[in-house]
Amino acid sequence: MTRECPSPTPRSGAPLSGSVLAETAVVFAVVLSIHAAVWDRYSWCAVALAVQAFYVQYKWDRLLQQGNAVFQFRMSANSGLLPASMVMPLFGLVMKERCQAAGNPFFERFGIVVAATGMAVALFSSVLALGITRPVPTNTCVILGLAGGVIIYIMKHSLSVGEVIEVLEVLLIFVYLNMILLYLLPRCFTPGEALLVLGGISFVLNQLIKRSLTLVESQGDPVDFFLLVVVVGMVLMGIFFSTLFVFMDSGTWASSIFFHLMTCVLGLGVVLPWLHRLIRRNPLLWLLQFLFQTDTRIYLLAYWSLLATLACLVVLYQNAKRSSSESKKHQAPTIARKYFHLIVVATYIPGIIFDRPLLYVAATVCLAVFIFLEYVRYFRIKPLGHTLRSLLSLFLDERDSGPLILTHIYLLLGMSLPIWLIPRPCTQKGSLGGARALVPYAGVLAVGVGDTVASIFGSTMGEIRWPGTKKTFEGTMTSIFAQIISVALILIFDSGVDLNYSYAWILGSISTVSLLEAYTTQIDNLLLPLYLLILLMA
């Protein structure tokens, strides 16, 4: 978000600054709301986790200030440990509740595993922070020990042996991914963002391995397998090429040709056979049949192609404008960057209304394309590497302080995660009534509408700043109002949405997430949709 005044601001990582305390208050409000809605031993674990994460976050912030963290993290934000630690546990809790209400015991247990995995990953990050803090903070260690002991005791008596093994597998993958990716990608993440992103990738990788090894029992939807294979395949491809190009220059034609050849080998020799084993049919034929199955899908694909062309034209126009400008501006204005938010909203709303499975698959393909193009840009792969570096440099902001440009990928993830994460077997028979009917729109509301309106109005008309931040009161209020108007429009145009008079909860959820946006220094494109998703599912 960039609705700021030009005056400098204090470092976000300042211990117990007003913005950090306000962010903490908002996160605790969400945790207590979910606790009140669920009210079982798992929700008490979530409360204990939040308490210890608050204390450990202070230690992480101090480590970042002193430069004593093991890896190089993004410096323009605080650690963000508390908001990131609570995403997976809270999502697992609300998934468990929804699937229990829908009478689906398998996904009810799966929700518990998701919550337990999120708690295990968060506790590991807390132990890591305290382990490298000198002198050792005795009081915080006691709080972490008490919270961890309660969580481990309850999970020990709630999970089966197989579920415990699954949690430990994800934790092991998370540890290795942390060591590899945080070393290869310095300054790309805060500790909280690393926890959220790498924890999610670790869980996806473990699920793919598990389903590949238990193929007889894996009778899932092909689109789910498609997402799992694409995400894991792109991550493994990045690790492979990062390791390879340590020993050779990636900017030469020979390296570029090798990159494209190896991409074809990995795609045709690993990813496609892996997907074929899971869905038990030719992946390319299945994808073509899926995309062109109905006339509606053909119309949507044509419409999305036009929007993609429009987005490319915006990039070219802004770069041409920079080239002809005498001021030699190095960054696009806030409004120019928000054009892409509006294009994404225009992309997702018709997909949610008319064909969600198609949107699910199209977003997966788009994610693969975005990540591949980022590899091309990062490794300077010919012939497009240097061109992409030049074109995208205009849209950098303070969050792109590392070697990777991730904001556009985070925007896609923020819009897509509410579509991907809906437990579809638990949403039959009208169990997505009330506020839960807006769950697929969580990304559209939080990022596409709320974040965009807040940024534009806050940067142009904002005068009253929230204490300790560069965000404005006017931007937050217009954001809430715009999201309420959007909900009213969704009710008009989407006949499948029936709110059942749950307007107070919807207003409270939107307001809470808007306040979180005002105070958080984490990647709002990723964090806000997840919190709105959790609140709406509750």
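Residues numbered from 1 in each chain as written. Predicted model: local features only at pLDDT ≥ 70, side-chain atom pairs only at ≥ 80, totals over all residues. Heavy atoms only, no water.

Labelled according to an unreviewed UniProt entry, the protein appears under the name dolichol kinase, originating from Callithrix jacchus. The Sequence similarities (unreviewed entry) comment attached to the protein in UniProt states, word for word, "Belongs to the polyprenol kinase family." UniProt annotates the protein under Subcellular location (unreviewed entry) with the comment "Endoplasmic reticulum membrane". (UniProt positions renumbered as here; feature names shortened; annotations may be inferred.)

Undergrad: An account of the overall build of the protein is requested, with residue identities and associated values reported.
TA: The secondary structure content of the protein amounts to 20 helices and zero strands. In terms of overall dimensions, the protein is globule-like: its C-alpha atoms have a radius of gyration of 23 Å, near the 24 Å expected for 538 residues. With the C-alpha coordinates aligned to their principal axes, the bounding extent of the protein is approximately 60 × 55 × 55 Å. Residues counted as buried form 55% of the 538 residues belonging to the protein. By element, 69% of the accessible surface of the protein is carried by carbon and sulfur atoms, the whole surface being about 23,200 Å². Charged side chains of the protein number 36 positive and 28 negative; the gap between the two group centres comes to 5 Å. (Helix = DSSP H or I, 4+ residues; strand = E, 2+ residues; numbered from the N terminus. Rg over C-alpha atoms; globule rule 2.2 N^0.38 Å. Buried < 20%, exposed > 50% of the residue type's maximum accessible area, 1.4 Å probe, protein only. Areas by Shrake-Rupley, 256 points an atom, 1.4 Å probe, with all protein chains shown as cover. Lys, Arg positive; Asp, Glu negative; His and termini not counted. Charge placed at Lys NZ, Arg CZ, Asp CG, Glu CD.)

Undergrad: Please give an account of the layout of surface pockets that cites residues and values.
TA: Approximately 1,400 Å³ is the volume found for the second largest pocket. Contributing to the lining of the second largest pocket are 44 residues, with Ala311, Phe340, Cys366, Phe370 and His408 lying nearest its centre. The set of elements that each furnish at least two residues to the lining of the second largest pocket consists of α12 (295-324), α13 (334-354), α14 (356-378), α15 (385-392) and α16 (407-420). With 10 residues, the top contributor of residues to the lining of the second largest pocket is α14. (1 Å grid on protein atoms, 1.4 Å probe; cavity = no way out; pocket = protein on both sides within 12 Å on 5 of 7 lines; lining within 4 Å. Points joined across faces, edges and corners; volume = space filled by probe spheres on them.)

Undergrad: Tell me about the pattern of salt bridges, and name the residues and values.
TA: Scanning the entire structure with this criterion turns up 10 salt bridges. One salt bridge connects aspartate 40 with lysine 96, and the closest N-O pair in it is separated by 2.9 Å. Here aspartate 40, found in the loop between α1 (18-38) and α2 (41-66), pairs with lysine 96, found in helix α4 (residues 87-101); they are 56 residues apart in sequence, far enough to count as distant. Each member of the pair, aspartate 40 as well as lysine 96, is classed as buried. (Salt bridge = Lys/Arg side-chain N within 4 Å of Asp/Glu carboxyl O.)

Undergrad: Give me the confidence of the model for the protein: which residues, what numbers.
TA: Confidence in the prediction for the protein averages 86 pLDDT; 93% of positions are at 70 or higher. This model gives residues 1-15 a pLDDT under 50, and the stretch forms 47 contacts once residues within four places in sequence are excluded. (pLDDT = per-residue confidence, 0-100. Contact = heavy atoms within 4.5 Å.)

Undergrad: Quick one: what's the story with the packing of aromatic side chains, residue by residue and with numbers?
TA: A ring pair, where both rings are aromatic, is described by two values, the distance of the centres and the angle of the planes. Going through the model one piece at a time under the given rule, you end up with 18 aromatic pairs. Linked through ring pairs, Phe240, Phe241, Phe245, Phe259, Phe372, Tyr375, Tyr378 and Phe379 together constitute an aromatic cluster. Cation over ring: arginine 297 sits above phenylalanine 290, and NZ or CZ is 4.1 Å from the ring centre. (Phe/Tyr/Trp six-rings, centres within 6.5 Å; stacked < 30°, edge-to-face > 60°. Lys NZ or Arg CZ within 6 Å of the ring centre and 35° of its normal.)

Undergrad: Can you break down the nonpolar core residue by residue, with the values?
TA: Core analysis: the largest hydrophobic core is formed by 169 residues, its most contacted members being Ile34, Met86, Leu90, Phe189, Leu438 and Tyr531. When residues in this core are grouped by element, the largest group, 14 residues, is from helix α9 (residues 222-244). (Core = buried A, V, L, I, M, F, W, Y, C linked by side-chain atoms within 4.5 Å.)

Undergrad: Mind laying out the packing of helix α5 (residues 105-131) against helix α8 (residues 191-213), listing which residues take part and the relevant values?
TA: Relative to each other, α5 and α8 sit at 135°, their axes nearing to 11 Å. By the criterion of interaxial angle, the relationship of α5 to α8 is oblique. Crossing of α5 against α8: the hand is right-handed. Every residue of α8 that contacts α5 at Phe110, Val114, Thr117, Val121, Ala122 and Ser125 is listed here: Leu195, Phe203 and Gln207. Looking at the contact of α5 with α8 residue by residue, the class counts come to six nonpolar, three polar and no charged. (Axes fitted to C-alpha atoms, helices over the stretch in contact; angles between N-to-C directions. Parallel < 35°, antiparallel > 145°, perpendicular 65-115°, else oblique. Left-handed = near helix turned anticlockwise from the far one by under 90°. Nonpolar A, V, L, I, M, F, W, Y, C, P; charged D, E, K, R; others polar.)

Undergrad: Go over the side chain of glutamine 483 with me, naming the residues and quoting the values.
TA: Inspection of the secondary structure assignment puts glutamine 483 in helix α18 (residues 473-493). Dropping the residues within four chain positions of it, glutamine 483 is found in contact with Leu445, Ala446, Val449, Gly450, Ile510, Ser514 and Leu532.

Undergrad: Can you break down empty space enclosed by the protein residue by residue, with the values?
TA: A full pass over the atoms with the stated rule returns six cavities of 30 Å³ or more. Quantified by volume, the largest cavity comes out at close to 90 Å³. If you go around the largest cavity, the residues you meet are Trp60, Phe73, Phe124, Ser125, Leu128, Phe174, Asn178, Leu182, Pro191, Ala194 and Leu195. For the lining of the largest cavity, the secondary-structure elements that each account for two or more residues are α5, α7 (161-184) and α8. Split by residue class, the lining of the largest cavity holds nine nonpolar, two polar and no charged.

Undergrad: With reference to specific residues and values, describe the environment of asparagine 78.
TA: Structurally, the position occupied by asparagine 78 is in the loop between α2 and α3 (81-85). Judged by relative accessible area, which is 2%, asparagine 78 ranks as buried. A sequence separation of 113 residues divides asparagine 78 from proline 191, and the C-alpha atoms of the two residues are 8.6 Å apart.

Undergrad: Give a description of α16 that names residues and reports values.
TA: With 14 residues, α16 ought to run about 20 Å at 1.5 Å a step, and its terminal C-alpha atoms sit 19 Å apart, in line with that. Within α16, 13 of the 14 residues are buried, leaving the element largely enclosed by the surrounding structure. (Expected span 1.5 Å × (residues − 1).)

Undergrad: Any chance you could break down unusual backbone geometry for me, citing the residues and the numbers?
TA: Cis geometry marks the peptide bond from lysine 382 to proline 383; its omega dihedral reads 5°. Here proline 383 lies in the loop between α14 and α15. Even without a glycine there, the phi angle at tryptophan 39 is positive, about 50°. The residue tryptophan 39 is located in the loop between α1 and α2 in this model.

Undergrad: Run through the environment of methionine 119, naming residues and quoting values.
TA: Relative to the helices and strands, methionine 119 is located in helix α5. For the pair methionine 119 and serine 390, spaced 271 residues apart in sequence, the C-alpha to C-alpha distance is 41 Å. For methionine 119, the contacting residues outside a window of four places in its chain are Tyr42, Cys45, Ala46, Leu49, Pro89, Ile151 and Met155.

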